[in-house]
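If you want the building blocks of each chain, they are given just below.
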Amino acid sequence: MSSTPHRAIPVLAVLGSVSALALGSSYAKQLFPLIGAQGTSALRVTFSALIVLALWRPWRWTLRREDARSILRYGVVLGCMNLLFYMALRTIPFGIAVAIEFLGPLAVTLYYSQRWTNYLWAAFAVLGLSMILPLGTGAHQLDIVGMLYALGAAVCWGAYIVFGKRASHLHSGHVVSLGLSVAALIVFPVGLVHAGGALFHPGILAMGLVVALVSSAIPMSLEMFALKHLPKETFGILTSMEPAVAALVAWPLLGEHLTAQQWFAVGCAVVAAMGAAITSRPEPASAARSEPERA
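Cut-off values and rules
Every chain is numbered on its own, with residues counted from 1 as its sequence reads. With pLDDT at 70 or above as the cut-off, local features in this predicted model cover only qualifying residues; side-chain atom pairs require 80 or more to be listed or tallied, and sums for whole chains, interfaces and linings still use all residues. Excluding hydrogens and water, the side-chain values take into account all heavy atoms of the structure. Comment: elements are numbered from the N terminus, with helices defined as DSSP H or I runs of at least four residues and strands as E runs of at least two. For a compact globule the rule gives 2.2 Å times the number of residues to the power 0.38, and the radius of gyration it is set against comes from C-alpha atoms. Whether a residue is buried, partly exposed or exposed follows from its accessible area with a 1.4 Å probe, protein chains only, as a fraction of its type maximum: under 20%, in between, or over 50%, in that order. Note on contacts: a residue pair is in contact if any heavy atoms of the two residues lie within 4.5 Å. Lys and Arg are tallied as positive, Asp and Glu as negative. Neither His nor the chain termini are counted. The location of each charge is read from NZ of Lys, CZ of Arg, CG of Asp or CD of Glu. What qualifies as a polar contact is a pair of N or O atoms within 3.5 Å, subject to a donor-acceptor requirement within protein and to the restriction that residues adjacent in sequence count only when both atoms come from side chains. The rule for a salt bridge is simple: a side-chain nitrogen of Lys or Arg has to be within 4 Å of a carboxyl oxygen of Asp or Glu. Residues forming no salt bridge and having over 30% relative accessible area are the ones grouped into patches, like charges within 9 Å of each other and nonpolar side chains (Val, Leu, Ile, Met, Phe, Trp, Tyr) within 5 Å. Note on areas: Shrake-Rupley, 1.4 Å probe, and residue coverage restricted to the protein chains presented here. For our purposes a nonpolar core is just a set of buried Ala, Val, Leu, Ile, Met, Phe, Trp, Tyr and Cys residues, chained together by side-chain atoms within 4.5 Å. Two rings from Phe, Tyr or Trp (for Trp, the six-membered ring) form a pair when their centres sit within 6.5 Å of each other. Planes less than 30 degrees apart are called stacked, planes more than 60 degrees apart edge-to-face, and all others tilted. Criterion for a charge above a ring: Arg CZ or Lys NZ at most 6 Å from the ring centre, at most 35 degrees from the ring normal. For helices, the fitted line uses only the C-alpha atoms of the stretch in contact; every axis is such a line through C-alpha atoms, and the angle between N-to-C directions lies from 0 to 180 degrees. The handedness criterion is simple: a crossing whose near helix is rotated anticlockwise from the far helix by less than a right angle is left-handed, and one whose near helix is rotated clockwise is right-handed. Classification convention: Asp, Glu, Lys, Arg as charged; Ala, Val, Leu, Ile, Met, Phe, Trp, Tyr, Cys, Pro as nonpolar; all other residues, Gly among them, as polar.

Engineer: What am I meant to see in the overall build of the protein here?
Structural biologist: The helix and strand tally for the protein stands at 12 helices and zero strands. For 295 residues, the compact-globule formula gives about 19 Å, and the C-alpha radius of gyration of the protein, at 19 Å, lands near that figure. Looking at the protein as a whole, 51% of its 295 residues are labelled buried. Taking the contacts inside the protein whose residues are at least 6 apart along the sequence as the reference set, 87% of them involve residues at least 24 apart. Considering the protein, the positive charge centre built from 18 side chains and the negative charge centre built from 11 side chains are found 6 Å apart.

Have a look at this one:
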């Protein structure tokens, strides 16, 4: 009997994760007029933290001081990454924001792989970025502040991977639950100051919980399952489609219609990330654990 269906399940899990993340973030953007990007990010991160805390109960494990420092840094950049990304979504299209944010993990992958093909994938990334730089006065010029927020999120995503690797010897549930708790402590006060009492309206809380489930809890669960059954390169190739999926989902849900030039830029980001995943150098056994999933 063929095992093809069994091999397809982890692939479908990754595709489901990417799709859920795009759907959740698109739904989250509809909260912006009510509580702002800051309040939306606060609810997403806080509810995500509560969910994974209940699931993994990290207090069951002991934590060394040096590991606590790594998780603290990991949580800080995780919180900043979520906040900056949502701030970017206020003024630039979802697919473009994801494409820019992908520069962070791409830079980390290219730095550590140390292969000549790095120049090729870096060229694709630079080409894509050059196509969406807010130069001139065209009707489709992107907001420079939104792009800077997305670039900030990219830097945080790269740092998130580096700090996550330093804690990769710990159980993934331990790292993610504590990291998200730190992220919530960073982001929630910002959202509270911005949105005030509106943050605690029952309807808003319900919408925030849905955002956390669809854009964090479900994708993270699917990715953790897929990582156990797929080679890291295959996983990287599949997740590289996230900018394109984000743009496709935002088209009907948010009415964000990209120009041909912007689609080309998204395509360059996908090619760069996919190529880096294919040609990256395998990690040594001591660091075989893949980087933590983005929350």
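Next comes the rest of the account.
Engineer: Any chance you could explain the side chain of D67 here in plain terms?
Structural biologist: Along the chain, D67 turns up in helix α3 (residues 65-89). Only 3.0 Å separates the side chain of D67 from the side chain of H169, close enough to count as a polar contact. The residues touching D67, leaving out its near neighbours within four places in the chain, are H169 and L170.

Engineer: Please explain the pattern of salt bridges as it appears in this structure.
Structural biologist: Here the idea is simple: oppositely charged side chains can pair when their charged atoms come close. Scanning the model with the defined rule gives three salt bridges in all. Residue K29 pairs with E256 through a salt bridge whose shortest N-O separation is 2.4 Å. Of this pair, K29 sits in helix α1 (residues 4-29) while E256 sits in the loop between α11 (242-254) and α12 (260-279), and the two are 227 residues apart along the sequence. Through salt bridges with shared partners, one network takes in R64, E66 and D67.

Engineer: When you look at a nonpolar patch on the surface in this model, what are you seeing that I'm missing?
Structural biologist: Among the surface-exposed residues, I144, V145, L148 and L151 lie close enough to one another that they form a single nonpolar patch of about 330 Å² accessible area. Within the element layout of this structure, L148 appears in helix α7 (residues 144-166). Relative accessible area serves as the criterion here: at 52%, L148 is assigned to the exposed category.

Engineer: Quick question: what am I supposed to make of the nonpolar core here?
Structural biologist: Note on soluble globular proteins: their nonpolar side chains tend to be buried together. Counting 75 residues, the largest nonpolar core has F85, Y86, F94 and L180 as its most contacted members. Tallying contributions element by element places α3 first for this core, with 11 residues. Among the nonpolar cores identified, the runner-up in size contains six residues, and L106, W121, A125 and A272 belong to it.

Engineer: I would appreciate a short explanation of the packing of aromatic side chains in the present structure.
Structural biologist: In this description, an aromatic ring pair is defined by two values, namely the gap between the centres and the angle between the planes. One pass over the structure, following the stated rule, counts eight aromatic pairs. Where W251 meets W263, the ring centres are 6.5 Å apart and the plane angle is 55°; that geometry is what we call tilted. Of this pair, W251 sits in helix α11 while W263 sits in helix α12, and the two are 12 residues apart along the sequence. Overall, the relative accessible area of 42% leaves W251 in the partly exposed class. Within the aromatic cluster, the residues linked to one another by ring pairs are F32, F85, Y86 and F94. Between the NZ or CZ atom of R60 and the centre of the ring of W61, over which it lies, the distance is 4.8 Å.

Engineer: Help me understand the environment of I161, please; the structure alone is not making it clear to me.
Structural biologist: With respect to the secondary-structure elements, I161 resides in helix α7. Note on I161: relative accessible area 5%, which makes it buried. As for I161 and P105, which are separated by 56 residues in sequence, their C-alpha atoms are 7.2 Å apart.

Engineer: Hey, could you run me through the environment of C156 in this one?
Structural biologist: As for its position among the elements, C156 is in helix α7. When the C-alpha positions of C156 and Y74 are compared, they lie 9.4 Å apart, and in sequence the two are 82 residues distant. With residues near it in sequence (within four places) discarded, C156 still touches V77, C80, M81 and L84.

Engineer: Would you take a moment to explain the packing of α3 against helix α4 (residues 94-101) for this structure?
Structural biologist: Packed helices, taken two at a time, are described by the angle between their axes plus the distance between the axes. Packing of α3 against α4 leaves a shortest axis separation of 9 Å and a crossing angle of 140°. Note that α3 runs across α4; the crossing there is right-handed. Contact with α3, carried on its side by M81, F85 and L89, involves F94, A97, V98 and E101 of α4 and no other residues of that element. Tallied by class, residues from the contact of α3 with α4 come to six nonpolar, no polar and one charged.

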